[in-house]
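A closer look at the structure
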Amino acid sequence: MEKILVIGCAGQIGSELTLELRRIYGNSNVIASDIKPASQEIMEGGPFEILDVLDPHRLFGTVARNKITQIYHLAAILSGNAEKKPIASWNINMTSLLNVLELGRELELKKIFWPSSIAVFGPTTPRENTPQYTVMEPNTVYGISKLAGERWLEYYSNKFGVDTRSIRYPGLISNKTEAGGGTTDYAVEIYYEAIKHGKYECFLNKDTTLPMMYMPDAIKATIDLMEAEKSTLSSCTSYNIAGVSFNPQEISSEIKKHIPNFSISYKPDFRQAIADSWPKSIDDSLAKKDWNHSIKYDLANMTKDMVDTIKEKFTKGLL
Ligand code: NAD
Ligand code: SER
């Protein structure tokens, strides 16, 4: 019987991943936690705790008391916000991971999931079809913390036998919870603004292509990786996964097919330099080979789903 702890359940990924894990493993077997309250659905649908992952004693208590076997550690400060508070963000991103890895070692947890990001790559990385193994010289606080985190996963795996699993998520697009302060957030905000106001001022240039993924594909990839036989996995650090690459002009054209009067303008800010240092597209052949990674959504069917879902919320007065 698996007992799962999700850390960061109130965030963009946690708010959806927690529900899917509860559907698979049973509500009472998935303990949701965050430093802040989560949605009613999460707090009332199963066990929920306010937990600061930076407090190792509380974390130990929660894991031991609930006989946790797996942790999904999602708490982090994302790229845009991390540039505003570099040292605090480094501390949250790294200390939290080390607290979780230490617990994995001490309590011999079965598996730990921790997400990395396309932010591990930097301006010297090949930007088209970025390989799994390549030059990695990130120049953002967030990217440096993710690259260091990947190295720590491998260290704990090799040195202590902790089963660590990880994905370098592309920018994630979803309609349940706001995006958490990243550079790819524009691709979430644009849908809400299109439906609420018919226009959007984008903080990236029109031709800034980035790899993205719709949340249902990201959740499926995460659980597929965690459920894969250990013997099939050739990496204990982070797998590239590709998703779909597009730029603001292309997503805007797709939205116009559903909202013909939609207009977009461009006012790049500090996040443009971050986006310019990241890949445009990703080679995910290793994830396909090792655990049969695949996706269902491209720009067209993702946009239809986003527009339909957000329109429905808007019509019901939920936005
Ligand atoms: P998010 O900011 O939406 O959610 C993070 C959650 O962590 C928040 O609910 C926050 O309250 C919680 N948290 C912060 N500090 C905490 C603490 N000290 N203790 C407990 N909880 C704390 O982020 P997200 O988009 O859901 O991302 C989750 C993970 O996935 C992060 O590691 C992020 O770097 C990674 N990731 C996300 C994306 C994306 O596009 N969303 C892409 C690549 C990687
Ligand atoms: N979506 C994330 C960000 O922009 C990528 O890790 O920070």
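Each remark here, short or long, concerns the structure printed above.
In this report, the structure presented in the accompanying data block is examined. (Residues numbered from 1 in each chain as written. Chains lettered and ligands numbered in written order. Predicted model: local features only at pLDDT ≥ 70, side-chain atom pairs only at ≥ 80, totals over all residues. Heavy atoms only, no water.)

A few points about the packing of helix H5 (residues 86–106) against helix H6 (residues 141–160)
What counts is decided by this rule: For helices, the axis comes from a line fit to the C-alpha atoms of the stretch in contact; other axes are also lines fit to C-alpha atoms, and the angle between any two N-to-C directions lies between 0 and 180 degrees. What counts as a helix is a DSSP run of H or I of at least four residues, what counts as a strand is a run of E of at least two, and both are numbered from the N terminus. Any angle that is under 35 degrees is reported as roughly parallel, and any over 145 degrees as roughly antiparallel; angles of 65 to 115 degrees are reported as roughly perpendicular and all others as oblique. Take the far helix as the reference: if the near one is turned anticlockwise from it by less than a right angle, the crossing is left-handed, and if turned clockwise, right-handed. Contact between two residues is taken to exist if any of their heavy atoms lie within 4.5 Å; hydrogens are not considered.
In contact at an axis separation of 10 Å, H5 and H6 are set at 15° when each is read in the N-to-C sense. When the axis of H5 is compared with that of H6, the two are roughly parallel. Relative to H6, the crossing made by H5 is right-handed. Contacts between H5 and H6 involve Pro 86, Ser 89, Trp 90, Asn 93, Met 94, Leu 97, Leu 98, Leu 101, Glu 102 and Arg 105 from the former and Val 141, Tyr 142, Ile 144, Ser 145, Ala 148, Gly 149, Trp 152, Leu 153, Tyr 156 and Phe 160 from the latter.

Focus on the site of ligand 2
Put simply, the test is: The nearness test applies per residue and asks whether one of its heavy atoms lies within 4 Å of the molecule or strand. Throughout this description, a polar contact denotes any pair of N or O atoms lying within 3.5 Å of each other; where both atoms belong to protein, one of them has to be capable of donating a hydrogen while the other can accept it, and for residues adjacent in sequence the pair is counted only when both atoms sit in side chains. Only the protein chains shown count as cover for residues, and all accessible areas are computed by the Shrake-Rupley method using a 1.4 Å probe. Polarity classes work like this: nonpolar for Ala, Val, Leu, Ile, Met, Phe, Trp, Tyr, Cys and Pro, charged for Asp, Glu, Lys and Arg, and polar for all others, with Gly in that last group.
Neighbouring ligand 2 are Leu 78, Ser 79, Ser 117, Tyr 142, Gly 171, Gly 182, Thr 183, Thr 184 and Trp 278. Within the side chain of Tyr 142, an N or O atom sits 2.7 Å from an oxygen atom of ligand 2. Within the contact set of ligand 2, an oxygen atom lies 2.6 Å away from a backbone nitrogen or oxygen of Thr 183. Bound to the protein, ligand 2 loses 93% of the 240 Å² it would expose on its own. Tallied by class, the residues present in the shell around ligand 2 amount to three nonpolar, six polar and no charged.

Some thoughts on the sheet that holds strand S12 (residues 244–246)
Applicable threshold: Any two strands with at least two DSSP bridges between them are considered paired.
Taken in spatial order, the three strands of this open sheet run S8-S10-S12, and their pairing is mixed. Lying at the two open borders of the sheet, with one neighbouring strand each, are strand S8 (171–173) and S12. In this sheet, neighbouring strand axes are inclined to one another by 45° on average, regardless of whether the strands run parallel or antiparallel. Where strand S10 (residues 210–214) and S12 come together, three bridges link them in antiparallel fashion. Of the residues in S12, the one forming a bridge with Met 212 is Val 244. Sheet strands in contact with helix H8 (residues 215–227) are S8 and S10, and its direction is about 80° off that of S10.

Considering the side chain of Ser 238
Of note, Ser 238 is situated in strand S11 (residues 238–240). A distance of 3.4 Å separates the side chain of Ser 238 from the side chain of Glu 150, its partner in a polar contact. Residues in contact with Ser 238, not counting those within four places in the same chain, are Ser 116, Gln 132, Glu 150, Ser 166, Ile 167 and Arg 168.

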